[in-house]
Amino acid sequence: MTCIDTLRQKCAEAGQQHLLEEWDALSPAEQQQLAAEIQELDFPFIARALEASKAAAAAAAHHSSEPVNDVVSRQSADEQQRAEWRQLGLQLIAQGKVGVLLLAGGQGTRLGSSAPKGCYDVGLPSHKSLFQLQAERLLAVQRLAAAAAGDSSSSQQVAVPWFIMTSPFTHTETLQHFEQHGFFGLQRSQVTFFQQGFLPCLTPEGKVIMESSSKIAKAPDGNGGLYRALQSSGTLAKMQGIGLEALDVYCVDNILARVADPEYLGCCHSRRAQLGCRVLAKAYPEEKVGVFARDAAGGLRVLEYSELDPAKAAALDPATGKLYFNWSNICMHYFALPWLEAAAQQLQAAAAYHIASKQIPEKSGGKVPGVKLEMFIFDPFHSAKEVTLFEVAREDHFAPVKNAPGSAADSPEAARAALLQQGARWVAAAGGSMAEGVAGVEVPPLLSYAGEGLQDLVGGKVVGRAGEEAVLLDGSSL
């Protein structure tokens, strides 16, 4: 049987014969491209996914949700408890039991850039990219872990595995960015790149849509495609093979992401959490963030802001004076490896995605009604029996870069200001002061991971020169 005969049989068995309607009119290169795309498609899985997704959407309409009330708040743990969590977290890092997983599949389109979002420069004095800031925080926490283990001279031997999920849109440029910067001082062997997947765009009846005569219309499968990608790429098996017990998971666009935060890791591990989530109190009722809730069976879920009735979103708990649905999802998670493996297997078996109805560009040059299937990272959270929700301070942990320069919220300017203001607080806490008119300080992660160790550098000193807007903390700024 020839290659084309095999393709025709595969398509016919799936009811997708239309994919090869114009085969004979294609050039050899176009035929090769289309053949490769069809060979990659798992038609039985796609059909099952569409039906399961429709059923899940119908069932979701009847879900009831209650607020979460089991958050580890900043007031509920004293400094001794937090110090114990930090020490345990550093120990886990030094022993090679935790890794870091970065979701970095997005481009900076809304920021006016076609480059991967992690390559973006928000305009700090150092002009470091988001990737560089995060890599240097990883280096800094490795150094702290080595020192806590009693051997600061061997900090290079502490190497936290960093797993970076890219997409076909960002993969090549992301690798180039790391190569051009020498992996920012990290060992190349500790960084693993893998790609999230695509699914074909479908008609409501399940027919695969053709973008052109030789190309299938496809879309990323959402940040929840992480679970499938971990399995298919062999990355999950790699994590298990090197003995990891847990992962710290976060998104690339958060300029304040405290990568591998020892206090958070220690808290989750000490409570034997299968799943952990860093949470924030909502800034105001209409804030466009998802909130954590419990379903009727007690499982953890995330309600998107569009799913929450405005009256419920604004309702106050008279016992606390806070919002009932108060705790925001900022996509900063802790995954225990056994739970992660089970969740990935369950999702693959269930194949239930969220259905996004869209107008899909197709080969005629117009658009047709269609659906995209996507999964969210929080979709399997309801299966976790042991969950730790850990409150963090917004000003120290969360400043996303999502919208174009000049936007009212989540802009590069707002993220830049948040990091510079954090640095100014650290300088003040270490006994330093700011020169007149200086609005903020960039504290390089290699100088301080979270404000520690600055007393000898800035104590009793003035940082910056009068009239400077922002200062990079180094020898010339003192």
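What counts and what doesn't
- Residues numbered from 1 in each chain as written.
- Predicted model: local features only at pLDDT ≥ 70, side-chain atom pairs only at ≥ 80, totals over all residues.
- Heavy atoms only, no water.
- UniProt positions renumbered as here; feature names shortened; annotations may be inferred.
- 1 Å grid on protein atoms, 1.4 Å probe; cavity = no way out; pocket = protein on both sides within 12 Å on 5 of 7 lines; lining within 4 Å.
- Points joined across faces, edges and corners; volume = space filled by probe spheres on them.
- Nonpolar A, V, L, I, M, F, W, Y, C, P; charged D, E, K, R; others polar.
- Helix = DSSP H or I, 4+ residues; strand = E, 2+ residues; numbered from the N terminus.
- Buried < 20%, exposed > 50% of the residue type's maximum accessible area, 1.4 Å probe, protein only.
- Axes fitted to C-alpha atoms, helices over the stretch in contact; angles between N-to-C directions.
- Parallel < 35°, antiparallel > 145°, perpendicular 65-115°, else oblique.
- Contact = heavy atoms within 4.5 Å.
- Core = buried A, V, L, I, M, F, W, Y, C linked by side-chain atoms within 4.5 Å.
- Salt bridge = Lys/Arg side-chain N within 4 Å of Asp/Glu carboxyl O.
- Expected span 1.5 Å × (residues − 1).

Looking up the protein chain in an unreviewed UniProt entry gives the name UDP-N-acetylglucosamine diphosphorylase, with the organism given as Tetradesmus obliquus. Word for word, the UniProt comment on the protein chain under Pathway (unreviewed entry) is "Nucleotide-sugar biosynthesis; UDP-N-acetyl-alpha-D-glucosamine biosynthesis; UDP-N-acetyl-alpha-D-glucosamine from N-acetyl-alpha-D-glucosamine 1-phosphate: step 1/1." Under Catalytic activity (unreviewed entry), UniProt gives the following word-for-word description of the protein chain: "N-acetyl-alpha-D-glucosamine 1-phosphate + UTP + H(+) = UDP-N-acetyl-alpha-D-glucosamine + diphosphate".

Colleague: Looking at this model, I keep getting lost on empty space enclosed by the protein. Mind explaining?
Modeller: Taking a probe equal in size to a water molecule and rolling it over the atoms shows the remaining empty space. Taken as a whole and judged by the stated rule, the model has 2 cavities of 30 Å³ or more. Lining of the largest cavity is provided by 14 residues; of these, Arg 137, Gln 422, Trp 426, Val 443 and Tyr 449 occupy positions nearest its centre. The residue makeup of the lining of the largest cavity, split by class, is 9 nonpolar, 3 polar and 2 charged. In this structure, the second largest cavity is lined by 13 residues; those nearest its centre are Arg 228, Leu 347, Gln 348, Tyr 353 and Met 375. Among the elements of the structure, helix H7 (225-232) and helix H11 (337-350) are those that each provide at least two residues to the lining of the second largest cavity. Looking at the lining of the second largest cavity element by element, the count peaks at 4 residues for H7. A class-by-class count of the residues in the lining of the second largest cavity yields 7 nonpolar, 4 polar and 2 charged.

Colleague: Quick question: what am I supposed to make of the environment of Ala 57 here?
Modeller: Among the structural elements, Ala 57 can be located in helix H3 (residues 43-60). We classify Ala 57 as partly exposed; its relative accessible area is 46%. Separated by 27 residues in sequence, Ala 57 and Glu 84 have C-alpha atoms that sit 44 Å apart.

Colleague: Is there a simple way to explain the packing of H3 against H11 in this structure?
Modeller: Following both chains from N to C, one finds H3 and H11 inclined at 90°, their axes separated by 9 Å at the closest point. Accordingly, the angle class assigned to the pair H3 and H11 is roughly perpendicular. Touching Phe 45, Arg 48 and Ala 52 of H3 are Gln 348, Ala 349 and Ala 350, all from H11. A class-by-class count of the residues in the contact of H3 with H11 yields 4 nonpolar, 1 polar and 1 charged.

Colleague: Would you explain the nonpolar core in this entry?
Modeller: Generally speaking, soluble globular proteins have nonpolar side chains that are buried together. The biggest cluster of nonpolar side chains holds 65 residues, and the ones touching the most others in it are Leu 247, Phe 335 and Phe 381. Among the elements that make up this core, the one with the highest residue count is H11 (6 residues). Aside from chain neighbours lying at most four places away, what touches Phe 381 is Tyr 227, Leu 275, Cys 277, Phe 292, Leu 300, His 333, Phe 335 and Trp 339. Ala 135, Trp 162, Val 259 and Ala 260 belong to the second largest nonpolar core, which has 48 residues in total.

Colleague: Quick question: what am I supposed to make of the pattern of salt bridges here?
Modeller: Two side chains of opposite charge can pair, provided their charged atoms sit close to one another. Here the structure, examined in full by the defined rule, presents 20 salt bridges. One salt bridge connects Arg 82 with Glu 263, and the closest N-O pair in it is separated by 2.3 Å. Linking Arg 82 in helix H4 (residues 79-94) with Glu 263 in helix H9 (residues 262-270), this pair joins segments that are 181 residues apart in sequence. Given a relative accessible area of 10%, Arg 82 falls into the buried group. The class for Glu 263 is buried, based on a relative accessible area of 11%. Overlapping salt bridges bring together Glu 79, Arg 82, Arg 86 and Glu 263 as one network.

Colleague: Sorry, what's going on with unusual backbone geometry here?
Modeller: Non-glycine residue His 127 carries a positive phi angle of around 60°. Looking at the secondary structure, you find His 127 in the loop between strand S3 (98-103) and helix H5 (130-148). Note on His 127: relative accessible area 51%, which makes it exposed. Phi angles above zero are rare outside glycine, and Ala 260 is one such case at about 55°. With respect to the helices and strands, the residue Ala 260 is situated in the loop between strand S10 (246-251) and H9.

Colleague: Looking at this structure, I do not really get the environment of Val 368. What am I missing?
Modeller: Tracing the sequence through the fold places Val 368 in strand S16 (residues 367-374). Between the C-alpha atoms of Val 368 and Pro 285, which are 83 residues apart in sequence, the distance is 37 Å.

Colleague: Can you help me understand H11 in this one?
Modeller: For an α-helix, the turn length of 3.6 residues means that residues three or four places apart are oriented alike. Here H11 is 14 residues long and its end C-alpha atoms lie 20 Å apart, about the 20 Å a rise of 1.5 Å per residue gives. Check the buried side of H11 and you find it contacts H7, helix H8 (235-241), S10, strand S11 (275-281) and strand S14 (327-336). Where H11 terminates, the next one or two residues include Ala 351, which has phi positive at roughly 55°.

Colleague: Looking at this structure, I do not really get the layout of surface pockets. What am I missing?
Modeller: Looking at the second largest pocket, its volume works out to about 860 Å³. Surrounding the second largest pocket, 32 residues form its lining, Ala 60, His 63, Arg 301, His 354 and Asp 379 being those nearest its centre. Elements supplying a minimum of two residues to the lining of the second largest pocket: H3, strand S13 (300-303), H11 and strand S15 (354-361). With 5 residues, H3 is the single largest residue contributor to the lining of the second largest pocket. Taken together, the residues of the lining of the second largest pocket sort by class into 18 nonpolar, 8 polar and 6 charged.

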